[in-house]
Amino acid sequence: MVRRAVAWILVSAVVGWLLAQSVTAVLDLRVEDKQVIAEAPHAAELVTPADAPAIGSLALVDDPMVVEAARVLGDAMRERNRPEPQWVSVADRPTLTVRVDEDGPAGAEASRLVAVEDERWVLHARTAEGAAQGLVALADRIRSGREPWVTEPLVPELSLRMVDFGAVGVRPAESQWRGGADYTHASRAFDDVILPEAPYVDTDALERHRAGFERFVRQSLAHGYNAMAVPGFLEYVRFDDLPAASDEQLRARATAMRDAFGPWWQYASERGLDVYLRTDMLALTDPLEQYLTDRLDGLDTASAALWQTYGTAFDEVYAALPQLAGTVVRIGEAGGIYDGAGEVRSELAVTSVTHVRAMLTGLLEAHERADRELVFRTWSVGIGDAGDLHTDPDTYREVFDGIDSERLVVSTKYVAGDFYSFLPVNPTLAIPGVRRIVEFQSRREYEGMGVLPNDLTALHAAALRDALSANADIEGVWTWTQDGGPWRAGPMALYLVRGWWPMYDLNTYAIGRLARDPEAAPEAITGDWIRSAVSVDRLTQQRVADAMAQSREALATGLYIGPYAEHTVRALGLEPPPMMWIFEWDVLAGDTATWSVLHAVVGDDLDRAVAEGRAAVATARSMLSSVRSTVPGAWHDPHAHDQVVAALEYQLDLFELLDAYRTAQLMHLEWVASGDDTAARAAERARANYRDARSAHVARYGDDVDLPAYNTVAADASIERESRDRAIAIAASVLLGLVVGWLLLGAVAALTRWHTGLLGLARHHWTGVTRPWAVRPDRSPLALAVVPALVVAGTQVLWTWGAAPVQWALSAAAWASFLLVLALATDRRARRRWAAAVGGAALVRSAVCLFALREHGPTGYWYAFWTDPSSRTVYIVVAVITGAWVLASAGFAARRAGAVLLAVGAALLVTGGGVFAVGLEEFLTRWNDQMGLLPWSLSRTLGLTTHLGIPEALPLYVFAGGAVLALAGIVRTRVSASPH
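What counts and how
- Residues numbered from 1 in each chain as written.
- Predicted model: local features only at pLDDT ≥ 70, side-chain atom pairs only at ≥ 80, totals over all residues.
- Heavy atoms only, no water.
- Helix = DSSP H or I, 4+ residues; strand = E, 2+ residues; numbered from the N terminus.
- Rg over C-alpha atoms; globule rule 2.2 N^0.38 Å.
- Contact = heavy atoms within 4.5 Å.
- Areas by Shrake-Rupley, 256 points an atom, 1.4 Å probe, with all protein chains shown as cover.
- Lys, Arg positive; Asp, Glu negative; His and termini not counted.
- Charge placed at Lys NZ, Arg CZ, Asp CG, Glu CD.
- Pairing = 2+ DSSP bridges.
- Axes fitted to C-alpha atoms, helices over the stretch in contact; angles between N-to-C directions.
- Buried < 20%, exposed > 50% of the residue type's maximum accessible area, 1.4 Å probe, protein only.
- Patch = residues over 30% accessible without salt bridge, like charges linked within 9 Å, V, L, I, M, F, W, Y side chains within 5 Å.
- Salt bridge = Lys/Arg side-chain N within 4 Å of Asp/Glu carboxyl O.
- Parallel < 35°, antiparallel > 145°, perpendicular 65-115°, else oblique.
- Left-handed = near helix turned anticlockwise from the far one by under 90°.
- Nonpolar A, V, L, I, M, F, W, Y, C, P; charged D, E, K, R; others polar.
- Domains from an automatic or database assignment.
- Buried area = accessible area lost by both parts, 1.4 Å probe.
- Polar contact = N/O pair within 3.5 Å; in protein donor to acceptor, adjacent residues only side chain to side chain.
- Arc of directions from axis to C-beta.
- Phe/Tyr/Trp six-rings, centres within 6.5 Å; stacked < 30°, edge-to-face > 60°.
- Lys NZ or Arg CZ within 6 Å of the ring centre and 35° of its normal.
- UniProt positions renumbered as here; feature names shortened; annotations may be inferred.
- Expected span 1.5 Å × (residues − 1).
- Core = buried A, V, L, I, M, F, W, Y, C linked by side-chain atoms within 4.5 Å.

Asks: Looking at this model, I keep getting lost on the overall build of the protein. Mind explaining?
Replies: When helices and strands are counted, the protein shows 33 helices and 19 strands. Relative to the globule expectation of 30 Å for 980 residues, the C-alpha radius of gyration of the protein, 34 Å, shows essentially globular dimensions. Summarising its shape, the C-alpha atoms of the protein cover approximately 125 × 65 × 50 Å along the three principal directions. Look at the contacts in the protein between residues 6 or more apart in sequence, and 77% of them connect residues 24 or more apart. Of the accessible surface of the protein, which amounts to about 38000 Å², a share of 56% is contributed by carbon and sulfur atoms. Of the side chains in the protein, 87 bear a positive and 119 a negative charge, and the two mean positions are spaced by 11 Å.

Asks: I'm lost on the sheet that holds strand β13 (residues 373-377) in this one. Help?
Replies: By definition, the strands of a sheet pair up through backbone hydrogen bonds, in either a parallel or an antiparallel sense. Here eight strands make up a closed barrel; going around it, the order is β7-β8-β9-β11-β13-β14-β15-β16 and the pairing parallel. On average, each strand axis in the sheet is inclined to that of its neighbour by 30 degrees, with strand direction left out of account.

Asks: Sorry if this is basic, but what is going on with the side chain of glutamine 133 here?
Replies: Checked against the element boundaries, glutamine 133 lands in helix α3 (residues 128-143). What makes glutamine 133 buried here is its relative accessible area of 6%. Not counting residues within four places of it along the chain, the set of residues in contact with glutamine 133 comprises Glu109, Leu154, Arg161, Gly224, Tyr225 and Arg516.

Asks: I tried to follow a negative patch on the surface on my own but got confused; where do I start?
Replies: A grouping of Glu365, Glu368, Asp404 and Glu406 is seen on the molecular surface, where their side chains present a negatively charged patch. With respect to the helices, strands and loops of the structure, glutamate 365 is situated in helix α10 (residues 353-370). The class for glutamate 365 is partly exposed, based on a relative accessible area of 40%.

Asks: How should I be thinking about the packing of helix α14 (residues 522-534) against helix α15 (residues 538-549) in this particular structure?
Replies: Helix-helix packing is characterised by the crossing angle of the two axes and by the distance between the axes. Running from amino to carboxyl end, α14 crosses α15 at an angle of 120 degrees, the nearest separation of the two axes being 10 Å. Taken together, the axes of α14 and α15 lie oblique to each other. Along this stretch, α14 crosses α15, giving a crossing that reads as right-handed. Counted together, Trp529, Ile530, Arg531 and Val534 of α14 and Thr540, Gln541, Val544, Ala545 and Met548 of α15 form the full contact between these two elements. Residues of the contact of α14 with α15, tallied by class, amount to six nonpolar, two polar and one charged.

Asks: For this particular structure, what's the right way to read the domain arrangement of the protein?
Replies: Accessible area lost when the parts come together is the quantity often used to give the size of an interface. Parsing the protein into structural domains produces domain 1 (57-154), domain 2 (160-534), domain 3 (554-710) and domain 4 (722-976). Once you take the C-alpha centre of each, domain 2 and domain 4 turn out to be 51 Å apart. Each partner contributes to the roughly 460 Å² buried at the junction of domain 2 and domain 4, and carbon and sulfur atoms together form 78% of this total. Linking domain 2 with domain 4 are zero salt bridges, by the criterion used here. The tally of links between domain 2 and domain 4 comes to zero residue pairs in polar contact (both at pLDDT 80 or more). Residues belonging to the side of domain 2 that touches domain 4 are distributed by class as follows: six nonpolar, no polar and no charged.

Asks: How do you make sense of the environment of alanine 50 when you look at a structure like this?
Replies: In this structure, alanine 50 sits in the loop between β1 (30-33) and β2 (57-59). Sequence separation between alanine 50 and glycine 179 is 129 residues, and the spatial gap between their C-alpha atoms is 47 Å. Setting aside its immediate chain neighbours within four residues, alanine 50 contacts Arg80, Gly145, Arg146 and Glu147.

Asks: Would you mind going over a nonpolar patch on the surface with me for this structure?
Replies: Nonpolar side chains collect at one region of the surface, where Val26, Leu572, Leu574 and Leu948 lie side by side and expose about 290 Å² of accessible area between them. The topology assignment puts valine 26 in helix α1 (residues 2-27).

Asks: Could you clarify how one ought to interpret unusual backbone geometry in this entry?
Replies: As a rule of thumb, non-glycine residues mostly have phi less than zero, and peptide bonds are mostly trans rather than cis. Here alanine 198 and proline 199 are connected by a cis peptide whose omega angle stands at 10 degrees. Mapped onto the secondary structure, proline 199 falls in the loop between α4 (174-177) and α5 (203-208). With an omega of 10 degrees, the peptide bond between methionine 281 and leucine 282 qualifies as cis. With respect to the helices and strands, leucine 282 occurs in the loop between β9 (274-280) and β10 (283-284). With phi around 60 degrees, arginine 895 is a residue other than glycine that occupies positive phi space.

Asks: For this particular structure, what's the right way to read helix α11 (residues 393-400)?
Replies: Three or four residues apart is the spacing at which side chains of an α-helix point the same way, because the helix has 3.6 residues per turn. Among the residues making up α11, those that are buried are Thr395, Tyr396, Val399 and Phe400. For α11, the arc enclosing every buried residue in end-on projection is 120 degrees, short of the 170-degree limit, so these residues lie on one face. Packing partners of the buried residues in α11 comprise α10, β13, β14 (408-413) and β15 (435-441). Between the side-chain oxygen of the N-cap and the backbone nitrogen of aspartate 394 there are 3.0 Å, and the N-cap of α11 in question is aspartate 392. Directly after α11, the chain includes glycine 402, whose backbone phi takes a positive value near 90 degrees.

Asks: How should the packing of aromatic side chains be read in this particular structure?
Replies: Two numbers describe a pair of aromatic rings. These are the distance of the centres and the angle of the planes. Counted by the stated rule, this structure contains 44 aromatic pairs. Look at tyrosine 183 and tryptophan 585: their rings are 6.3 Å apart centre to centre, the planes differ by 35 degrees, and that puts the pair in the tilted class. Of this pair, tyrosine 183 sits in the loop between α4 and α5 while tryptophan 585 is found in the loop between β18 (582-583) and β19 (587-588), placing the two residues 402 residues apart along the sequence. With 5.9 Å between their ring centres and 25 degrees between their planes, phenylalanine 314 and tyrosine 318 make a pair best called stacked. Taken as a pair, phenylalanine 314 and tyrosine 318 lie in helix α9 (residues 304-320) at a separation of four residues, close to a single helical turn. No difference in accessibility class separates phenylalanine 314 from tyrosine 318, as the two residues are buried. Aromatic ring contacts, followed pair by pair, group Phe165, Phe190, Phe213, Phe216, Phe261, Trp264, Trp265, Tyr267, Tyr495, Trp501 and Tyr504 into a single cluster. Positioned above the aromatic ring of tyrosine 267, the side-chain terminus of arginine 271 is 3.7 Å from the ring centre. Its end group placed over the ring of phenylalanine 851, arginine 854 keeps NZ or CZ at 3.7 Å from the ring centre.

Asks: Looking at this model, I keep getting lost on the sheet that holds β2. Mind explaining?
Replies: Here five strands make up an open sheet; going across it, the order is β3-β2-β4-β6-β5 and the pairing mixed. Looking at the sheet topology across the chains shown, the edges are occupied by β3 (86-87) and β5 (111-116). Where β5 and strand β6 (residues 120-125) come together, six bridges link them in antiparallel fashion. Residue valine 116 lies in a different strand from β6, and its bridge partner there is arginine 120.

Asks: Explanation requested: the pairing of strand β8 (residues 227-231) in the structure shown.
Replies: Look at any regular strand and the pattern is simple: side chains alternate between the two faces of the sheet. Across the five residues of β8, four count as buried, placing the element largely inside the fold. Pairing of strand β7 (residues 160-163) with β8, which is carried by two bridges, proceeds in the parallel orientation. What sits directly across from valine 163, in β8, is methionine 228. Alignment of β8 against β9, held across five bridges, turns out to be parallel. In the sheet register, methionine 228 faces β9, and the bridge partner there is valine 275.

Asks: Could you clarify how one ought to interpret the pattern of salt bridges in this entry?
Replies: Between side chains of opposite charge, a pair can form when the charged atoms approach closely. For the coordinates displayed, the defined rule picks out 58 salt bridges. If you follow the salt bridges from partner to partner, you end up with Glu68, Arg71, Asp75, Arg78, Glu84, Arg218, Glu270 and Arg271 in one network.

Asks: Is there a simple way to think about the environment of isoleucine 511 in this case?
Replies: Mapping isoleucine 511 onto the fold places it in helix α13 (residues 502-516). For the pair isoleucine 511 and tyrosine 650, spaced 139 residues apart in sequence, the C-alpha to C-alpha distance is 27 Å. Contact partners of isoleucine 511, with chain neighbours within four places excluded, come to Tyr225, Phe440, Ser442, His460, Val477 and Thr479.

Asks: Sorry if this is basic, but what is going on with the UniProt feature "transmembrane region" (unreviewed entry) in the protein here?
Replies: According to UniProt, the "transmembrane region" (unreviewed entry) feature falls on residues 727-751, 781-802, 808-825, 834-853, 873-893, 900-920 and 954-971. As a span, residues 873-893 carries 100% helix and 0% strand, and end to end its C-alpha atoms are 30 Å apart. Helix and strand shares over residues 900-920 are 95% and 0% respectively, and the end C-alpha atoms of the span are 27 Å apart.

Asks: Mind showing me how you'd approach helix α31 (residues 920-931) here?
Replies: Here α31 contains twelve residues, and its C-alpha end-to-end distance of 16 Å stays within 8% of the 16 Å for a straight helix at 1.5 Å per residue. Those residues of α31 that fall on the buried side of the exposure criterion are Leu920, Phe923, Leu924, Thr925, Asn928 and Met931.

Asks: For this particular structure, what's the right way to read the nonpolar core?
Replies: The nonpolar side chains of a soluble globular protein tend to be buried with one another. Formed by 212 residues in total, the largest nonpolar core has its most connected members in Met228, Trp265, Tyr310 and Leu360. The leading source of residues in this core is helix α20 (residues 638-674), at 19 residues. Counting residues domain by domain, this core receives three or more from each of domain 2 (160-534) and domain 3 (554-710). Listed in part, the 67 residues of the second largest apolar core include Ala5, Trp742, Val775 and Ala879.

Asks: Just checking my understanding: could you explain a positive patch on the surface for this structure?
Replies: On the surface, Arg776, Arg828, Arg829, Arg895 and Arg896 cluster together to form a positively charged patch. Mapped onto the elements, arginine 828 comes out in helix α27 (residues 828-853).

Encoded structure:
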């Protein structure tokens, strides 16, 4: 027996060591330095505005682009308190004549102003596009108080300057924003227009959105853009050539969509905004999925035939809507949170390099036939071997090498990651070979979603110049004026619709300027925006410029923890974002994984990390003071003054909350890591400050949809858990002492052969754990179970901060099913033996956990797990040995291996079946919410199973494993019981 026991322990140790190595490989925590984009702070250039010129009359060519640009010019004149020019003929000797002729400078969008007699001017261009750009540039100079009459040729540097669709068609219904728990990424544009039944489009409702659409078109043109991406693709497809891929209702719907929206896309195209559809792949409807499954034996995205089907769809759409310029395709995100209402949905199915190449090959054939652009986004979120396409040059080359098509345009975010600060320029932007455009986001989803001042002009200028210097194939930009992240889980700021959207329109304006002239000075661009959108009063300019000049510093210190953000961190096979402690998008992280890694990376820079929070508060207060001191009447819109002051008050309040929270977390973990009581006292004070700041923040902004309170659910739970750590550590030490004392009493009783009272009970546990094959208890199984049950339950409560009933229920179900089946499968004497052995082994297993909790409670336990590979390895090995010994001791004592197999199988059947009944994602969400181990938001976006690559069938695998063990146990029991 001893040899078998030793062999069992050795095997358990090897298994534990292998498991520890696997955990270390999965966690794979690595920290590296990185070179972020150089972001020189700048103060807006202040100028005394030039007088707006008197352009009394204007002669145009009869082209919708030029006419719309002339209206932009008229808007600028009106904003400078000048009358709009009258449209006259050339014979009337107008102030400004627009000519499309060979006298214009070379270039499709080039133009030049030429002075003629009597203070008259001629704008020459070779194309209508050039004439329109010349008028828009003139309007911009007038609006911003610059010298209007500039005679140098104007030649935009980048030919494709695209915007998203803004907030066109989005109803500003406060009820949809209230609560901030809707994490869907779909805009739901036109949800009041698109109907579930015939006639499928409410044309009256659509007409109500027309003014907003036309305003968006004009605003985009005024900022110098010449393209826009609109949601939709399959919505317009009838599949007339593949009738089995659709049905009569979908065909009727597609016809209604074409009839309703086709004229809108024509309107934009005629006025100089090329229209691109925008879709995720795979895009599906039920009939299309059935067709692909029946004809192609599944949704095999490596199949050329599958992409030929989609190619047929594109052929049809471009033939029916010739005003379209192309389609933007994304593969990196898909699923329910991204889908709009209606019959069309998306699936994340194009995840490998092979799949991507098959898709590009198939879709490019259709786009080449139609002479349209396929704009392929490289954005990806780590799933599959194409999951790092966005940032990994090797994967990028694997995908695009050998694909040669003039119809392909590759679109990539300018940063090596998502739209955060503290990131390098995306390295794939330096790779030539295909046409490229660069993506920017104006309403930064991770930095306040547009309601916090955020002048990104210098950052964007540096990034664009860097990319252009590295790659001559870059020919455009794509600016997200509104899109990105959840639409309704943050502030109700809607571009051109609601809130003081000009605050993030600065970034849209600036990118439009930089795309035409990448060498433009950021301070000049910001100054022009201030005079255009805020005020021409010099003192007001100065104070708003002061505030905007501090905006980046405020956000960099208030929303980021510098010593962490300055490093590249990799864990769980992923690269967490630099703003790890505020998780997508306004959720204060409260999980042990995030804060343990943060503190470990911050290391000796703890003082700076804490001080940055205080500095951000001071900067926010300075910004508020600057703007509040301006006179509302000096602003173009006095109401805008009040809106900006309110936003700055919100920023100050938020930063005070964040300062208290970061201090509480970092100082508590400093106590955990070092045992420094000074840090513990600082953490306690910060927790009190956090509770006060949180209460004030929620009281002031909790019901405000425009400036909503940040989500503190996970943070509140974390603060409460950490406040229990010291008490739990003391309780764990006491309970550990009792367990050790109990077992030592048992050892003494075994040596003295004491049989009665508590010493006799302890002796049975000692013998049961040390020599389970020799235990001969004279007590009932119930008496033998009382002390171990209390210790196991107490350990579970302490390990979970007393806050995880889901974990308790799972543990109780596993124990109860194991013990019940084992009891049913053994006789009375065997039950006494294994009750003593299992009870003693459970005490030892609990003691291992209590030992890990004894100094700093569960937070200390998880801090070591996440950040200390050596401690983690030792703990896992010991935990596996002692856990496996519980089963071994049951087998040795019961002398019925079949019964133990059956009992273990039953425990797996119960737990696997229970989790399956609840649903794996739902179970993991509830469990993680209570345990606080991983970011709270993971389950609110793609889900924990998707993020971590956990198969949804895992409970069934556990259930099946339990069934196999139970069957093996039954067979073993029957064989053992049969006569030899």
